[in-house]
Amino acid sequence: MSTKRERARRAGWWATIGVASLLTVMCVCLLFAAIRNDGAISEQLGTATATVDSVAFDRTIIHFETPDGIVHSPANGVLYPDGLAAGQLVRIEYDASDPELARVAGRSATLTLLPLGSFVFFTWLVAGPVLWWIRRVNKRAAVPAPA
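A brief structural summary. Just so you know, these numbers come straight off a predicted model, no measurement behind them. (Residues numbered from 1 in each chain as written. Predicted model: local features only at pLDDT ≥ 70, side-chain atom pairs only at ≥ 80, totals over all residues. Heavy atoms only, no water.)

Focus on the overall build of the protein chain
Alright, step 1. Broken down by element type, the protein chain carries 2 helices and 5 strands.
Alright, step 2. Listed N to C, the secondary structure of the protein chain is α-β-β-β-β-β-α in terms of helices and strands.
Alright, step 3. Taken over the C-alpha trace, the protein chain has a radius of gyration of 24 Å; the compact-globule value for 147 residues is 15 Å, which it surpasses by more than 25%.
Alright, step 4. Of all 147 residues assigned to the protein chain, the portion counted as buried reaches 28%.
Alright, step 5. Across the protein chain, contacts joining residues at least 24 apart in sequence account for 65% of those joining residues at least 6 apart.
Alright, step 6. Counting only carbon and sulfur atoms, one obtains 66% of the accessible surface of the protein chain, whose full area is about 9,800 Å². (Helix = DSSP H or I, 4+ residues; strand = E, 2+ residues; numbered from the N terminus. Rg over C-alpha atoms; globule rule 2.2 N^0.38 Å. Buried < 20%, exposed > 50% of the residue type's maximum accessible area, 1.4 Å probe, protein only. Contact = heavy atoms within 4.5 Å. Areas by Shrake-Rupley, 256 points an atom, 1.4 Å probe, with all protein chains shown as cover.)

Details of the nonpolar core
Alright, step 1. With 12 residues, the main nonpolar core is built from Ala48, Ala50, Val52, Ile62, Phe64, Val78, Leu84, Val90, Ile92, Tyr94, Ala102 and Val104.
Alright, step 2. Of all the secondary-structure elements, those providing two or more residues to this core are strand 1 (45-55), strand 2 (60-65), strand 4 (89-95) and strand 5 (98-104).
Alright, step 3. Ignoring anything within four residues of it in the chain, the contact list for Val78 reads Thr60, Ile62, Leu84, Ile92, Ala102, Arg103 and Val104. (Core = buried A, V, L, I, M, F, W, Y, C linked by side-chain atoms within 4.5 Å.)

Here we look at the side chain of Thr66
Alright, step 1. Secondary-structure assignment places Thr66 in the loop between strand 2 and strand 3 (71-72).
Alright, step 2. With relative accessibility at 6%, the residue Thr66 sits in the buried group.
Alright, step 3. At a separation of 2.3 Å, a polar atom in the side chain of Thr66 contacts the side chain of Asp68.
Alright, step 4. When residues no more than four places from it in sequence are discounted, the contact partners of Thr66 are His72, Tyr94 and Pro99. (Polar contact = N/O pair within 3.5 Å; in protein donor to acceptor, adjacent residues only side chain to side chain.)

Description of the pattern of salt bridges
Alright, step 1. Here the structure, examined in full by the defined rule, presents 3 salt bridges.
Alright, step 2. With its nearest N and O atoms 3.0 Å apart, the salt bridge here joins Asp38 to Arg103. Here the residue Asp38 occupies a position in helix 1 (residues 4-43), and Arg103 occupies one in strand 5, the gap between them amounting to 65 residues.
Alright, step 3. A salt bridge links Glu93 to Arg103; its shortest N-O distance comes to 2.7 Å. Of this pair, Glu93 sits in strand 4 while Arg103 sits in strand 5; the two residues are 10 residues apart in sequence, bridging distant segments of the chain.
Alright, step 4. Beyond isolated ion pairs, a larger network of salt bridges with shared partners links Asp38, Glu93 and Arg103. (Salt bridge = Lys/Arg side-chain N within 4 Å of Asp/Glu carboxyl O.)

Regarding the environment of Val126
Alright, step 1. Examined against the element boundaries, Val126 turns out to sit in helix 2 (residues 113-142).
Alright, step 2. Taking relative accessible area as the criterion, Val126 reaches 57% and is therefore assigned exposed.
Alright, step 3. Between the alpha carbons of Val126 and Gly46 there is a distance of 43 Å; along the sequence they are 80 residues apart.

Description of the environment of Leu116
Alright, step 1. Of note, Leu116 is situated in helix 2.
Alright, step 2. A relative accessible area of 16% places Leu116 in the buried class.
Alright, step 3. The spatial distance from the C-alpha of Leu116 to the C-alpha of Val28 is 7.9 Å, given a sequence separation of 88 residues.
Alright, step 4. Once you skip the residues sitting within four places of it in the chain, Leu116 turns out to touch Cys27, Leu30 and Leu31.

A word on a nonpolar patch on the surface
Alright, step 1. On the surface, Val28, Phe32 and Ile35 cluster together into a nonpolar patch covering about 280 Å² of accessible area.
Alright, step 2. Note on placement: Phe32 falls in helix 1.
Alright, step 3. With relative accessibility at 55%, the residue Phe32 sits in the exposed group. (Patch = residues over 30% accessible without salt bridge, like charges linked within 9 Å, V, L, I, M, F, W, Y side chains within 5 Å.)

Structural data, given as structure tokens:
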């Protein structure tokens, strides 16, 4: 029968594996979502010049006019906004069937590889030693004390 400490270590092992795996799967899903968005934009490509309204940590808000004269401002901001500043004019590409989906011209999902890859790397860089330590403690606890 296992003791409370053994159960706690086993739970810690599975929790560490679960959290690291979940974060890895989330990063892979984000990469595939970026690729899907790029595909949708490329299928029905529209281009425009947009004005950057605001730049915040979580989104960069722009507004642009489509050929039909309607001004659009995507609620979720523009994709791949690195280096933009408020008031700047920037060329964008958007999905002509859904102008809410827009990206900075010339940028693509490949820009997400470095941040997502780094995040996965550092996640496992932390989880690896934790898992190794839990395994080491489990092995040490499994060895019976000399009589």
